[in-house]
Structures are given as structure tokens and as C-alpha cells.
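# A look at the structure
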Amino acid sequence: MEQSLSLRRSLSLEQKKARLGVQLVLPSVIVIGLLIIYPVAYNMYLSLFKVNLVGNNTFIGAKNYINIIADATFWQSVLTTFLYVVFSTFGTTLFGLVVALTMNKKFPLRAIVRSIIILPYVAPVIAVVYAWQFFFDPVNGIFIHVVVEMLGLYDQRFNLIGTPEYAIWVAIVFSIWKSFPFTYLMIIARLQTIDNNLYEAAEIDGCSSWKKFLHITLPELYFVLGTLILLRFVWNFNKFEEVYLLTENVKTLPIYTYFKAFTGVMDLGQGSALAVIQFVLLIGLIMVYVKKVLKW
Amino acid sequence: MVILVKFCKKFGFFLLIMFIVLFSLFPFIQMLSTSLKYSWDWGNPSLMPAKINIEAYRDLLGLGEKKVDLPESIQNLLDETPDLTEKQRDAIIANYLDTGDVFPFGKYFLNSILFSLSAAAVSLILSVFGAYSISRLKFRGSSFIRRGILFVYMFGGILLLIPLYKISVALGLGSTEEGTVVALVIIYVVQTLPVSLYMLGNFFRSIPYSIEEAAYVEGCSQMQTIWKIIIPLSLAALATVFVYSFMIAWNEYLYASVFLKSYENLFTLPLGLKALFVSKNAIWDRIMAASMLTAIPVVILFMFVQKYLAGNLASGGVKE
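Cut-offs used in this document
Residues numbered from 1 in each chain as written. Chains lettered and ligands numbered in written order. Predicted model: local features only at pLDDT ≥ 70, side-chain atom pairs only at ≥ 80, totals over all residues. Heavy atoms only, no water. Helix = DSSP H or I, 4+ residues; strand = E, 2+ residues; numbered from the N terminus. Buried < 20%, exposed > 50% of the residue type's maximum accessible area, 1.4 Å probe, protein only. Contact = heavy atoms within 4.5 Å. Areas by Shrake-Rupley, 256 points an atom, 1.4 Å probe, with all protein chains shown as cover. Buried area = accessible area lost by both parts, 1.4 Å probe. Polar contact = N/O pair within 3.5 Å; in protein donor to acceptor, adjacent residues only side chain to side chain. Nonpolar A, V, L, I, M, F, W, Y, C, P; charged D, E, K, R; others polar. Domains from an automatic or database assignment. Salt bridge = Lys/Arg side-chain N within 4 Å of Asp/Glu carboxyl O. pLDDT = per-residue confidence, 0-100. 1 Å grid on protein atoms, 1.4 Å probe; cavity = no way out; pocket = protein on both sides within 12 Å on 5 of 7 lines; lining within 4 Å. Points joined across faces, edges and corners; volume = space filled by probe spheres on them. Phe/Tyr/Trp six-rings, centres within 6.5 Å; stacked < 30°, edge-to-face > 60°. Patch = residues over 30% accessible without salt bridge, like charges linked within 9 Å, V, L, I, M, F, W, Y side chains within 5 Å. Expected span 1.5 Å × (residues − 1). Bend = angle between axes of the 7 residues up to and from the residue. Axes fitted to C-alpha atoms, helices over the stretch in contact; angles between N-to-C directions. Parallel < 35°, antiparallel > 145°, perpendicular 65-115°, else oblique. Left-handed = near helix turned anticlockwise from the far one by under 90°.

Attention now goes to the overall build of chain B. The secondary structure content of chain B amounts to 14 helices and zero strands. Element order for chain B, N to C, with α for helix and β for strand: α-α-α-α-α-α-α-α-α-α-α-α-α-α. Of all 320 residues assigned to chain B, the portion counted as buried reaches 51%. Across chain B, every contact between residues at least 6 apart in sequence was considered, and the portion connecting residues at least 24 apart equals 71%. In the structure as shown, chain B presents an accessible area of about 15,400 Å², 66% of it carried by carbon and sulfur atoms.

Here it is as C-alpha cells:
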């Protein structure tokens with residue numbers, strides 16, 4: 001009798017907790033549902049219409065998609081996106097790794113250096129792009145001064161950011177600069193958890209530093225690196241500001257979509273269709289990556 | 001020989017550190033240097049300004065004297081019509097004021113503060129309760145929500161931009177200033193909420209449950225425990241999450257550019273900076289000074305929470 005009473009009480013306590021749990025999380029869930037989940041669904045719906053900003057939409061079926069696929073500039077943009085994402089992702093990861101390995105060693109002023117090198121990640125994109133543009137500016141920039149005047153590699157000053165073939169490489173270097181601190185922080189956190197005994201044992205066996213890196217550090221970092229590449233891949237695939245604000249000449253998919261949807265005739269329907277294609281492409285690539293590399 | 005090899009290694013290591021530091025800092029040095037240079041000095045590759053020029057900063061902060069550039073006809077008009085009141089005169093002159101209007105730093109700064117503060121505050125309040133719920137309380141669907149939060153990272157800004165814009169126009173929010181402010185703040189809240197939930201959830205899980213149990217024994221209710229135990233214990237984490245959300249909103253450009261396009265009064269710093277760049281007043285020293293002034297607040301904020309932020313980033317709670 002007494003037992004069942006206490007059982008009932010504890011059950012109702014559990015229920016009470018569960019109810020409170022739902023109540024507390026509900027506002028967040030509603031906000032995310034209404035402003036993320038619903039818009040994604042609505043976006044798919046819109047992609048089947050000719051969309052007017054005010055007034056009624058006209059159903060046109062798959063026409064938006066057909067128009068996109070028939071457009072050569074779209075495929076150009078897909079290619080640009082791949083180049084940008086692949087090189088910036090690997091560049092960032094590689095450089096982040098080098099920095100993490102360096103910062104893991106002791107040297108004077110390390111604490112200051114460590115906080116200084118995070119600045120690129122913290123500063124607003126808009127506040128740093130103009131310094132980069134100035135650096136490559138054909139008239140005033142230091143880069144051109146060094147390449148043309150000092151080294152004499154080219155006999156004429158040129159506009160690096162203004163030319164699409166070159167601008168993409170500037171965008172890639174910029175992306176590496178902007179996001180390597182994040183990669184470095186994640187890697188160094190993992191580095192510090194590696195058991196020191198492993199290295200000592202390897203030293204007794206007479207391993208060189210390179211061998212230690214290859215057989216101890218790298219396997220320990222495998223999962224972190226795999227995850228970082230995945231995250232960076234997703235983020236760079238969706239990246240808008242870092243590319244658009246630096247140069248409008250590199251038309252990756254998000255920028256291509258922005259131009260289609262918000263400039264000129266403002267074709268929101270086609271913009272939605274582009275966003276859907278982009279999303280499907282991203283999901284597909286992620287599935288391949290997760291299966292082949294992370295082997296989940 | 002051994003000493004030489006050792007020296008070379010040390011020197012190489014030193015060069016590597018120098019390179020990393022220079023690579024990270026160079027754009028900031030460039031920015032500072034150009035913001036202090038006179039225009040005749042821009043083409044000079046030296047980073048040290050030949051002569052320091054703080055005109056750009058004074059201009060942007062509205063400290064400089066306003067230069068009045070009156071066309072002759074207007075000057076004549078003013079001279080020949082003595083019956084104009086002082087107010088009317090000022091109004092006419094104001095049309096020809098040279099500075100201040102191009103990049104009203106103070107106004108954009110306040111707008112940025114307004115958007116970022118309110119978004120970060122709302123996001124923090126929602127996420128304190130939400131994160132407590134998903135990290136401490138078990139209920140049906142709690143693990144689904146916990147995992148679902150991470151999935152939200154997959155959606156890029158551009159995927160949500162079109163439908164959200166369309167919705168806000170359909171609701172009539174886009175047609176008034178107040179409505180636009182509300183819409184954009186809500187959007188920033190949503191952008192920062194998943195990060196906040198995730199970071200705080202991770203932190204709450206690290207607080208020993210026994211502390212809470214002690215509070216229950218003392219007769220505290222669940223809500224009282226949150227107020228009296230959890231929140232005081234996590235002030236540093238709360239500050240970190242707040243700053244992180246604040247930074248996301250402060251740095252945001254894409255949504256602001258679409259929602260605020262026709263409301264110049266509401267421009268945030270990133271929008272104002274972009275407008276300054278494409279305007280006829282695109283003068284490098286002013287652009288760089290404006291860049292500095294936009295970057296400094298977040299850099300200072302960041303310095304305060306740096307320690308905690310780095311730890312939190314490493315535990316996986318992030319979004320770009």
C-alpha cells in the first residue's frame with residue numbers, strides 16, 4: 001500500500017518533470033519550427049511557382065528547374081562552387097593543422113600569439129574585406145607593388161580581384177585566412193588530450209618526429225579532422241558574405257542565387273528552385289562523404 | 001654540426017611562428033595604416049604613414065568641423081535675402097554639408113547595437129530554459145530535439161532568405177520600419193538560437209546533478225533551482241553565449257541587406273560600410289577607419305570572453 005503510494009508519487013513527479021521539460025523547450029521549438037522548418041518547406045513549394053512579391057503566384061510545375069538546368073551559367077556556377085569549396089576546405093584544414101601543431105609547442109609569448117591569431121575569425125567579414133581589396137588594389141596595393149615593381153614577374157599592373165579567374169583564388173585564400181583559427185582551436189583541443197605516454201614509448205623505440213606524427217598524432221586526429229572537413233565543407237558550400245563582399249566576380253551558387261532572386265527582375269521562384277537544388281546537392285555530397293570517409 | 005642543425009630547427013620554428021602571426025595580423029595592420037594615411041601616401045607600400053592623418057576618424061565620429069561647400073548662387077541668395085530666418089538659413093546650408101551624411105557612424109552603430117542586443121537577449125532567455133530542458137529533463141522527443149538542433153546547421157542562409165522575405169512581406173512586416181525591425185530581430189534570434197541551445201546544453205550537463213538534488217532537499221522547486229542554482233553557476237557560460245550571439249548578429253550582412261534595403265534609417269554598420277564603399281565618397285582612409293570602428297567593438301567583447309569561448313568552440317557548439 002505504502003509502496004504503491006510512493007510509486008504513484010514518484011511517477012507523478014516524473015510526469016511533472018516531463019511536463020516542465022516540454023514547457024521550457026517549447027518556445028525554442030516553436031521559433032525554430034516556424035522560422036526554419038516551415039520556411040524550408042515553403043521554399044520547396046515556392047520553387048514550383050512563378051512568384052510575385054505582392055499578389056498571387058502562378059503554378060508552373062518544374063519550369064523553374066528546367067530553366068536552370070538549361071542555363072550554362074548555372075553549370076559554370078556549380079563548377080566555381082566546387083573549386084571554391086574543395087580548395088578552401090582542404091586549405092583551411094591543412095593550415096589549421098600546421099598552426100595547431102606549432103602552437104602546441106612551448107615558446108615565449110605563446111599566450112599572446114594564441115589570442116592574436118584568433119582575430120581573423122572574430123572580426124566582421126565586412127570590416128576586413130576592404131583591407132584585402134586594398135592589398136590587391138591595382139593602383140595602391142602592396143601585392144602588385146611587390147609582384148610588378150620589385151620582383152618584375154609581370155610587366156604591367158593588373159586587377160587581381162576584378163578578374164574572375166584570379167578572383168576565385170583570392171577568395172580561397174581569404175576563406176582560409178578567415179576560418180583557420182576555428183580549425184586550429186578544435187585541433188589543438190584534441191591534441192592536448194593525446195596521452196603523452198604514447199610519444200614517450202615511441203621515443204624509446206627510436207622513432208623520428210615525422211614517424212611519431214604519422215603513427216600517433218594523425219590517427220588520433222582522424223576523427224576530428226574528418227568532422228572539421230565535413231563542417232567546413234557544409235559552411236563553405238553555403239557561404240555567402242565572405243565571397244560576395246570580397247568580390248562579386250566569383251559566382252558560387254549562393255551568390256548566383258542571390259543575384260537571380262534579389263537583383264534585376266527579382267525572380268524569386270527561380271531563386272527558390274536554385275536554393276533547393278543547392279540543398280539537394282549538398283545532402284548528396286555529405287552522404288557520400290560520411291559513408292566513404294567517416295565510415296559511419 | 002649538431003648545434004647547427006639544432007639552431008636551424010629553432011630558426012625555422014621561429015620563422016613559422018612569425019609567418020602565422022603576420023598572416024593573421026597583416027590585414028588589420030593594413031587597415032590601421034591606411035586609415036591614418038593621407039591620400040597622397042596611399043600608393044606608398046610602407047605601412048608606416050608618412051604623416052599621421054586622423055581626419056577620417058574625426059569625420060566618421062562627427063568630431064570634425066563640417067565643411068560647407070556652398071555654390072555661388074546659393075551664397076548670393078543667402079546674402080541678398082536678409083529676411084530669411086536663422087532656421088531657414090541653416091536648413092539651406094544643411095543641404096550642402098559635405099560630411100556626416102555619407103556614413104553617419106553613430107546612427108549605424110546604435111542600429112547595430114539595437115539589433116544585436118535584442119537578438120542576443122531574446123536568444124539567451126529562450127535558450128536558458130530550452131537548454132536546461134533538453135540537458136536535464138527527460139520527456140518524449142527530448143533526444144530528437146537535441147539531435148535536430150545540429151541538423152539546422154545544414155541550412156544555409158540563402159535557403160531561408162527567400163521564403164522568410166516572402167513571408168514577412170505577406171504579413172505586412174516589410175512595409176513599416178517597426179515591422180522590419182521586429183522581423184529582422186526575430187530572424188537573428190533564430191540564427192543564434194541553435195548555437196546557444198547547444199552551447200548552454202553542453203555546459204549545463206557539466207554541472208553536477210548532486211548540487212541540484214541538494215536544492216530539492218531544501219525544498220526548492222524546479223524553477224527555483226534554475227534561478228538559484230543553475231544560473232548563478234553558469235554566469236560565465238551565459239556571458240559567452242550572449243557575446244557569441246551578439247557577434248553573429250553584429251557581423252550579419254545577407255539578411256540585413258535584403259530586409260533593410262529601403263530603410264536607410266535602420267542600416268546596420270555592415271550595410272552602412274558597404275554603402276560607403278559604393279558611394280562616390282569611397283575614399284580609402286574613410287573606408288578603413290569605418291572598418292576599424294566596426295571591428296573594434298566585437299574584438300573588445302571577444303577579448304573578455306576569449307577563454308570560455310575557445311573552450312566552448314572546442315566542445316562543439318558553433319555556427320557560422
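After that view, the rundown keeps rolling.
This paragraph deals with the interface of chain A and chain B. Of the residues lining the interface, 89 residues belong to chain A; the matching set on chain B comes to 86 residues. The junction of chain A with chain B conceals about 7,900 Å² of combined surface from both sides, 79% of it contributed by carbon and sulfur atoms. Run the count over chain A and chain B and you get 11 residue pairs in polar contact (both at pLDDT 80 or more). When the residues that make up the side of chain A that touches chain B are grouped by side-chain class, the tally is 66 nonpolar, 16 polar and seven charged.

Looking now at the domain arrangement of chain B. All names here are of chain B. When cut into domains, chain B gives domain 1 (2-53), domain 2 (66-98) and domain 3 (105-314). On the side of domain 3, seven residues touch domain 1, which itself brings seven residues to the contact. Around 660 Å² of area is buried between domain 1 and domain 3 when both sides are counted, 85% of it from carbon and sulfur atoms. Among the residues domain 1 hides against domain 3, the three largest losses belong to Met31, Ser35 and Trp42. Together they make up 66% of the total. Scanning the region where domain 1 abuts domain 3 turns up zero salt bridges. The interface formed by domain 1 and domain 3 contains zero residue pairs in polar contact (both at pLDDT 80 or more).

One rule of thumb: low pLDDT means the predicted coordinates there are not for detailed reading. Mean pLDDT over chain A stands at 88; residues scoring 70 or higher make up 96%. Mean pLDDT across the elements of chain A ranges from a minimum in helix α1 (residues 2-46) of chain A, with 81, to a maximum in helix α3 (residues 72-103) of chain A, with 95.

The subject of this paragraph is the domain arrangement of chain A. A common way to report how large an interface is uses the accessible area buried once the components associate. The domain boundaries assigned to chain A delineate domain 1 (2-46) and domain 2 (70-294). Distance between the C-alpha centres of domain 1 of chain A and domain 2 of chain A: 38 Å.

A word on empty space enclosed by the protein. Per the counting criterion, the structure on display carries four cavities of 30 Å³ or more. When its volume is computed, the second largest cavity comes out at roughly 50 Å³. In this structure, the second largest cavity is lined by Phe237(A), Asn238(A), Ala275(A), Gln278(A), Phe279(A), Leu282(A), Met154(B), Gly156(B), Ile158(B) and Leu159(B). Among the secondary structure elements, those contributing two or more residues to the lining of the second largest cavity are α10 (209-238) and α13 (268-294) of chain A together with α7 (157-170) of chain B. Considering each element in turn, the lining of the second largest cavity owes the most residues, four residues, to α13(A). Tallied by class, the residues present in the lining of the second largest cavity amount to seven nonpolar, three polar and no charged.

With that settled, consider the layout of surface pockets. For the largest pocket, the calculated volume is near 1,200 Å³. Leu101(A), Asn104(A), Lys105(A), Lys106(A) and Phe13(B) are, among the 29 residues lining the largest pocket, the residues nearest its centre. Listed by contribution, the elements that provide at least two residues to the lining of the largest pocket are α4 (110-116), α9 (196-204) and α10 of chain A together with α1 (2-35) of chain B. At eight residues, the largest contribution of residues to the lining of the largest pocket is made by α1(B).

Each aromatic ring pair is specified by the distance between its two centres and by the angle formed by the two planes. Residues and elements named next belong to chain B. Tallying each qualifying case throughout the model produces 50 aromatic pairs over all chains. Ring centres of Phe246 and Trp250 lie 5.6 Å apart, and the angle between their planes is 20°; on these two criteria the pair is classed as stacked. Remark: Trp250 and Phe246 occur in helix α11 (residues 235-251); sequence separation between them is four residues, near one turn of the helix. As far as the burial class goes, Phe246 and Trp250 line up, both buried.

All names here are of chain A. Side chains of Phe82, Leu83, Val86, Phe87, Phe90 and Trp169 sit close together on the surface and give an oily, nonpolar patch of about 530 Å² of accessible area. Of the residues forming the nonpolar patch, the biggest block, five residues, is contributed by α3. Mapped onto the secondary structure, Trp169 falls in helix α8 (residues 164-191).

What follows covers unusual backbone geometry. Residues and elements named next belong to chain A. With a phi close to 65°, Leu109 is a non-glycine residue in the positive phi region. Note on placement: Leu109 falls in the loop between α3 and α4. Among the residues examined, Leu109 registers a relative accessible area of 60% and is labelled exposed. Unlike most non-glycine residues, Met266 shows phi in positive territory, near 50°. In this fold, Met266 is placed in the loop between α12 (253-262) and α13.

We now examine the pattern of salt bridges. Opposite charge on two side chains makes pairing possible when the charged atoms of those side chains draw close. Residue and element names in this part refer to chain B. If you walk through the whole model with that rule in mind, you get five salt bridges over all chains. A salt bridge links Arg136 to Glu212; its shortest N-O distance comes to 2.5 Å. Of this pair, Arg136 sits in helix α5 (residues 105-136) while Glu212 sits in helix α9 (residues 209-217), and the two are 76 residues apart along the sequence. Pair check on accessibility: Arg136 and Glu212 agree, each one buried.

Take helix α10 (residues 222-233) of chain B next. Between its terminal C-alpha atoms α10(B) stretches 15 Å, which fits the 16 Å expected from 12 residues at 1.5 Å a residue. Residues of α10(B) that are buried: Gln222(B), Thr225(B), Ile226(B), Ile229(B), Ile230(B) and Ile231(B).

Residue pairs spaced three or four apart in an α-helix point in one direction, given the helix's 3.6 residues per turn. All names here are of chain A. Taking 1.5 Å per residue, 28 residues should reach 40 Å; α8 reaches 39 Å between its end C-alpha atoms and fits that length. The principal kink in α8, of about 45°, is found at Ser179, preceding the proline Pro181 by one to four residues. Burial within α8 is extensive, with 21 of its 28 residues counted as buried.

This part covers the side chain of Thr89(A). Among the secondary structure elements, Thr89(A) is positioned in helix α3. Those residues in contact with Thr89(A) that sit more than four places away from it in its chain are Ile229(A), Arg232(A), Phe233(A) and Asn236(A).

What follows deals with the packing of helix α6 (residues 125-136) of chain A against α1(B). One can describe the packing of α6(A) onto α1(B) by two numbers: an axis separation of 9 Å at closest approach and a directional angle of 85°. Taken together, α6(A) and α1(B) sit at an angle that is classed as roughly perpendicular. Here α6(A) contributes Ala127(A), Val128(A), Ala131(A), Trp132(A), Phe134(A) and Phe135(A) to the contact with α1(B), which in turn contributes Phe26(B), Pro27(B), Phe28(B), Gln30(B), Met31(B) and Thr34(B). Residue classes in the contact of α6(A) with α1(B) are distributed as 10 nonpolar, two polar and no charged.

Relative placement of two packed helices is described by the angle separating their axes and the distance separating the axes. Remark: α3(A) packs on α1(B), axes separated minimally by 11 Å, with the N-to-C direction vectors making an angle of 125°. Relative to α1(B), α3(A) is oriented oblique. When the axes of α3(A) and α1(B) are compared, the crossing they make is left-handed. Taken together, the residues of α1(B) that come into contact with α3(A) (itself represented by Phe95(A), Val98(A), Val99(A), Thr102(A) and Met103(A)) are Phe13(B), Leu16(B), Ile17(B), Phe19(B), Ile20(B) and Phe23(B).

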